[in-house]
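Inside the fold
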Amino acid sequence: MLSLCYLPTAGRLTVTIIKARNLKAMDITGSSDPYVKVALMCRNKQIKKKKTTVRKSTLNPVYNEALVFDIPTENIDECCILVQVKDYDKVGSNEVVGYCGVGMQCVGQGHNHWVEMLDNPRKPTAHWYQLLETLPVGLSTHHTPYKISSCFHGKAG
């Protein structure tokens, strides 16, 4: 479950990662050490990324963590967020548990949630998401950070 709240006057998007339930077990112990990575995307380029803390040995983590991104009002329709739930591993690379995307470019629930957020400025709107095994339609990840100025019409953020 995640909540979105956009403050147009400040150009600030708050993504609150609330909780997850029934995650896929990724460890041999039958559990996972999940955390959530949120990437702010603009025109399919990653602008900024933030992540929650790791919750140890649980398939039903509770986070209640707010991740704040600066997005000028004139660019809010060009941006979206890519949410990845990952399993932390001390050895090797962290495995992806699942994905979801929220933004104007997304289809279905991710699009509808973004529109609801824009229609209700300054009011948090929370929704549950079913995690996908692959990247959401319309989103790709370019891990090379994209200059904000070229996406946000010369405005730094």
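Look a little higher up for the structure.
For the structure given in this document, a descriptive report is provided here. (Residues numbered from 1 in each chain as written. Predicted model: local features only at pLDDT ≥ 70, side-chain atom pairs only at ≥ 80, totals over all residues. Heavy atoms only, no water.)

The four strands lie next to each other as S5-S2-S1-S8, forming an open sheet whose pairing is antiparallel. Whereas interior strands pair on both sides, the edge strands pair on one side only; in this sheet they are strand S5 (62-70) and strand S8 (125-127). If you compare each strand with its neighbour and ignore which way they point, the axes differ by 20 degrees on average. (Pairing = 2+ DSSP bridges. Helix = DSSP H or I, 4+ residues; strand = E, 2+ residues; numbered from the N terminus. Axes fitted to C-alpha atoms, helices over the stretch in contact; angles between N-to-C directions.)

We now examine the side chain of Asp87. In this fold, Asp87 is placed in strand S6 (residues 79-87). A polar contact is formed between the side chain of Asp87 and the backbone nitrogen of Asp33, at a distance of 2.6 Å. Residues in contact with Asp87, not counting those within four places in the same chain, are Met26, Asp27, Ser32, Asp33, Pro34, Tyr35, Asn94, Glu95 and Val97. (Polar contact = N/O pair within 3.5 Å; in protein donor to acceptor, adjacent residues only side chain to side chain. Contact = heavy atoms within 4.5 Å.)

Right, let's talk about the pattern of salt bridges for a bit. Here the structure, examined in full by the defined rule, presents three salt bridges. Across the pair Asp70 and Arg12 runs a salt bridge, and its minimum N-O distance is 3.9 Å. Placement of the pair is Asp70 in strand S5 and Arg12 in strand S2 (residues 12-19), with a sequence separation of 58 residues. Residue class for Asp70 comes out partly exposed when judged on its relative accessible area of 39%. (Salt bridge = Lys/Arg side-chain N within 4 Å of Asp/Glu carboxyl O. Buried < 20%, exposed > 50% of the residue type's maximum accessible area, 1.4 Å probe, protein only.)

Quantified by volume, the largest pocket comes out at close to 400 Å³. As for the largest pocket, its lining consists of 21 residues, of which Arg21, Leu23, Tyr129, Gln130 and Leu131 are closest to the centre. Elements supplying a minimum of two residues to the lining of the largest pocket: S2, S6 and strand S7 (95-103). When the residues that make up the lining of the largest pocket are grouped by side-chain class, the tally is 14 nonpolar, three polar and four charged. Space inside the second largest pocket adds up to approximately 170 Å³. In terms of lining, the second largest pocket is formed by 11 residues, of which the most central are Gly101, Val107, Gly110, Leu132 and Pro136. For the lining of the second largest pocket, the elements supplying multiple residues, two or more each, are S7 and helix H1 (109-119). Here the residues of the lining of the second largest pocket are counted per class, giving seven nonpolar, four polar and no charged. (1 Å grid on protein atoms, 1.4 Å probe; cavity = no way out; pocket = protein on both sides within 12 Å on 5 of 7 lines; lining within 4 Å. Points joined across faces, edges and corners; volume = space filled by probe spheres on them. Nonpolar A, V, L, I, M, F, W, Y, C, P; charged D, E, K, R; others polar.)

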